[in-house]
Amino acid sequence: VTNPRASENKLNAKVGLGLEYKLSEALARERARVRNLTVAVREVGDQVLFMHRLQPVEVMMHRGDKLPLVAHDAPMLEVVLEMTRKSFGIAGVVKGDELVGVITDGDLRRHSEGLFSLMARDVSTPAPKVVPEGTLCGDALAMLQEYRITALFVTAHDAPKRPVGLVHIHDF
């Protein structure tokens, strides 16, 4: 004996998924339009894959005055203010023009005891994960997911330790 409700529920679920895909497609297209990204679309079964991840990180990275950078000898109050102003949850620690570490919101919590008596170099995590200019957005996203981090600094081709940009998980 078949349940007539079961086939009705399957149909409703399929229609719901179709609408969900259409909505996510429309949202992705609008986000790409606002960011001036070229979007290539490929359909695989019922799913639509957006190929903006095949573009280099330069198309979506934050740069210039938007980069949260602090000197290695900066007091932690300055670091916290910079992180608050830039709102990425991270600050790159530089010595000269080289990225020597990063400080995240998590680092602030871990060092909360006496935080404002410390300098950036005392709190920073050395050898941060970075990607060079030209890295595909999809590869940068895969790295963020693999290391379970929310941001990556983009470094210059000619100077692999010089930060030129930042990509954040929310950019994808």
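Bear in mind the structure is a predicted one, so any value in this text is a computation, not a measurement.

Rules used throughout
Residues numbered from 1 in each chain as written. Predicted model: local features only at pLDDT ≥ 70, side-chain atom pairs only at ≥ 80, totals over all residues. Heavy atoms only, no water. Phe/Tyr/Trp six-rings, centres within 6.5 Å; stacked < 30°, edge-to-face > 60°. Lys NZ or Arg CZ within 6 Å of the ring centre and 35° of its normal. Helix = DSSP H or I, 4+ residues; strand = E, 2+ residues; numbered from the N terminus. Buried < 20%, exposed > 50% of the residue type's maximum accessible area, 1.4 Å probe, protein only. Core = buried A, V, L, I, M, F, W, Y, C linked by side-chain atoms within 4.5 Å. Salt bridge = Lys/Arg side-chain N within 4 Å of Asp/Glu carboxyl O. Contact = heavy atoms within 4.5 Å. Pairing = 2+ DSSP bridges. Axes fitted to C-alpha atoms, helices over the stretch in contact; angles between N-to-C directions.

Here we look at the packing of aromatic side chains
- By the definition in use, this model includes zero aromatic pairs.
- The ring of Tyr-147 has Lys-129 sitting right over it, with the charged end atom 4.5 Å from the ring centre.

Topic: unusual backbone geometry
- You will see that Ser-87, though not glycine, has its phi angle at about 60 degrees, which is positive.
- Of note, Ser-87 is situated in the loop between α2 (76–86) and β4 (90–95).
- Residue classification places Ser-87 among the exposed positions, given a relative accessible area of 58%.
- With a phi close to 50 degrees, Ala-127 is a non-glycine residue in the positive phi region.

Quick look at the nonpolar core
- Ala-140, Leu-152, Val-154, Val-167 and Phe-172 are the most contacted members of the largest nonpolar core, which has 15 residues in total.
- Elements that contribute at least two residues to this core include exactly α5 (137–147), β8 (151–155) and β9 (163–168).
- Sorting elements by how many residues they give to this core places α5 first, with five residues.
- Counting 13 residues, the second-largest nonpolar core is a separate cluster that includes Met-76, Met-83, Val-93 and Leu-108.

Remarks on the environment of Met-60
- The residue Met-60 is located in the loop between β2 (47–50) and β3 (69–71) in this model.
- Residue Met-60 is classed as buried on the basis of its relative accessible area, which comes to 8%.
- The sequence separation of Met-60 and Leu-166 amounts to 106 residues, and the corresponding C-alpha distance is 8.8 Å.

Some words on the pattern of salt bridges
- Taken as a whole, this structure holds four salt bridges when the rule is applied.
- The shortest N-O distance in the salt bridge between Glu-82 and Arg-85 comes to 3.1 Å. One end of the pair, Glu-82, and the other, Arg-85, are both in helix α2, three residues apart, so they sit about a helical turn from each other.
- The buried category is assigned to Glu-82, whose relative accessible area is 9%.
- The shortest N-O distance in the salt bridge between Asp-107 and Arg-110 comes to 2.9 Å. Taken together, the positions of Asp-107 and Arg-110, both in helix α3 (residues 105–110) and three residues apart, correspond to about one turn of that helix.
- Ionic contacts of the salt-bridge type, sharing partners, join the residues Glu-82, Arg-85 and Lys-86 into one network.

Here's the deal with the environment of Lys-66
- Relative to the assigned elements, Lys-66 resides in the loop between β2 and β3.
- You can call Lys-66 exposed: its relative accessible area is 52%.
- If we ignore the near neighbours within four places in the chain, the residues touching Lys-66 are Lys-86 and Phe-88.

Notes on the sheet that holds β3
- If you walk across this open sheet you meet the four strands as β3-β4-β5-β6, and the pairing is mixed. Each edge of the sheet is formed by a strand with only one pairing partner; in this case those strands are β3 and β6 (125–126).
- Packing of α2 onto the sheet brings it into contact with β3, β4 and β5 (98–104), and relative to β5 it is tilted by some 80 degrees.

Function cannot be read off these values alone, since they describe shape.
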